[in-house]
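# Tertiary structure, described
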Amino acid sequence: MKPHHRRAVYAGSFDPPTNGHLWMIRQAQAMFDELIVAIGTNPEKQATYTLEERKAMLVDITAEFPNVCVTQFHNRFLVDFADSIQADFVVRGIRSGSDYEYERAMRYINADLQPAITTVILMPPREFAEVSSTMVKSMVGPQNWQKTIRRYIPDAVYRKILTDHGCSPED
């Protein structure tokens, strides 16, 4: 009997991807046969980076993982998307107590919508716990911002942000 292929989805806006996102991807891809990193688009939210830019950054930072695929979904529940691609797991991260409360509630709602899909919650290490895409974007601009954001984002994302702001890696 052939073992079941374990497919999971890790979704977010990834606007831009951070080292915390990369940590989540690294952990999840080691746990599953296949990890789908899905960029969720929400018509209610205005992204800083286009869908194509976010996808390119994610493809670049996940290139070392042969079992990771980057895609997107639009205006639908994550568990319904997961079901549509035959994923058995949804991977979520929690960084704080408020994240926990939100993810706990979503886990139960997701189970109501798609009972066969299991939510797997990972907690990143302390160095990533306080970093969000919004925080990274808010640090761009003031003197020495390049040095400040460097520690929070993968190389490909860093290069993209520098280029977008007319800087070179040596600045």
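Just so it is clear, the structure is predicted and the values come from calculations on it, not from any experiment.

Conventions used here
Residues numbered from 1 in each chain as written. Predicted model: local features only at pLDDT ≥ 70, side-chain atom pairs only at ≥ 80, totals over all residues. Heavy atoms only, no water. Phe/Tyr/Trp six-rings, centres within 6.5 Å; stacked < 30°, edge-to-face > 60°. Buried < 20%, exposed > 50% of the residue type's maximum accessible area, 1.4 Å probe, protein only. Lys NZ or Arg CZ within 6 Å of the ring centre and 35° of its normal. Helix = DSSP H or I, 4+ residues; strand = E, 2+ residues; numbered from the N terminus. Contact = heavy atoms within 4.5 Å. Salt bridge = Lys/Arg side-chain N within 4 Å of Asp/Glu carboxyl O. Polar contact = N/O pair within 3.5 Å; in protein donor to acceptor, adjacent residues only side chain to side chain. pLDDT = per-residue confidence, 0-100. Core = buried A, V, L, I, M, F, W, Y, C linked by side-chain atoms within 4.5 Å. Arc of directions from axis to C-beta. Pairing = 2+ DSSP bridges. Axes fitted to C-alpha atoms, helices over the stretch in contact; angles between N-to-C directions.

## A few points about the packing of aromatic side chains
In this structure the tally under the stated criterion is three aromatic pairs. Residues Tyr-10 and Phe-14 carry aromatic rings whose centres are separated by 5.5 Å and whose planes lie at 75° to one another, so their mutual orientation is edge-to-face. The two residues Tyr-10 and Phe-14 agree in class, both being buried. With a centroid separation of 4.8 Å and an interplanar angle of 15°, the aromatic rings of Phe-73 and Phe-81 are classed as stacked. Comparing Phe-73 with Phe-81 shows no difference in burial state: the two are buried. The positively charged end of Arg-150 is found above the aromatic ring belonging to Tyr-158, 4.7 Å away from the centroid.

## What to know about the environment of Cys-167
Residue placement: Cys-167 occurs in the segment after α8 (155-164). The spatial distance from the C-alpha of Cys-167 to the C-alpha of Gln-146 is 8.9 Å, given a sequence separation of 21 residues. Those residues in contact with Cys-167, other than ones at most four positions away along the chain, are Trp-145, Gln-146 and Leu-162.

## Points about the pattern of salt bridges
Under the counting rule described, the total for this entry stands at 10 salt bridges. The shortest N-O distance in the salt bridge between Lys-160 and Asp-164 comes to 3.0 Å. With Lys-160 and Asp-164 both in helix α8, this residue pair falls four residues apart, about one helical turn.

## Section: the side chain of Asp-15
You can see Asp-15 is positioned in the loop between β1 (7-12) and α1 (19-31). Here Asp-15 falls in the buried class, since its relative accessible area comes to 6%. In this structure the side chain of Asp-15 is engaged in a polar contact, spanning 2.7 Å, whose partner is the backbone nitrogen of Thr-48. Leaving out residues up to four positions away in the same chain, Asp-15 has contacts with Ala-47, Thr-48, Tyr-49, Arg-54, Ser-133 and Lys-137.

## Quick look at unusual backbone geometry
Pro-16 follows Asp-15 through a cis peptide bond whose omega is 5°. The residue Pro-16 is located in the loop between β1 and α1 in this model. Phi angles above zero are rare outside glycine, and Gln-86 is one such case at about 60°. Position of Gln-86 relative to the elements: it lies in the loop between α3 (78-84) and β4 (89-93). A residue is classified by how much of its surface remains accessible, and Gln-86, at 56% relative accessible area, is exposed.

## Notes on the confidence of the model for the protein chain
With 96% of its residues at a pLDDT of at least 70, the protein chain reaches an overall mean of 93. Within the protein chain, no element has a lower average pLDDT than helix α5 (residues 126-129), which sits at 87, and none a higher one than α1, at 98.

## Concerning the nonpolar core
Counting 36 residues, the largest nonpolar core has Ile-25, Leu-35, Val-37, Leu-58, Val-91, Ile-149 and Ile-161 as its most contacted members. Among all residues touching Leu-35, those that are not within four sequence positions of it are Ala-8, Val-9, Tyr-10, Ile-25, Ala-28, Gln-29, Asn-67, Val-68 and Cys-69. Formed by 13 residues, the second largest nonpolar core is a distinct cluster that contains Ala-11, Ile-36, Leu-78 and Phe-81.

## Overview of helix α2 (residues 51-61)
Among all positions of α2, only Arg-54, Met-57, Leu-58 and Ile-61 are buried. Each buried residue of α2 lies within a common arc of 95° when the element is viewed along its axis, so the set occupies one face. Taken together, the buried residues of α2 touch α1, β2 (34-41), β3 (68-74) and α8.

## Remarks on the sheet that holds β2
Two modes of strand pairing occur in sheets, parallel and antiparallel, and in both the strands are linked by backbone hydrogen bonds. Read across the sheet, five strands follow the order β3-β2-β1-β4-β5 without closing on themselves; strand pairing throughout is parallel. Of all the strands in the sheet, the pair left with one neighbour each is β3 and β5 (118-122). Between one strand axis and the next, the sheet turns through 30° on average, direction left out of account. The sheet contact formed by β1 and β2 spans six bridges and is parallel. Counterpart to Val-9 in the pairing with β2 is Ile-36. Each of β2 and β3 touches α2; the most contacted strand, β2, lies at about 160° to it.

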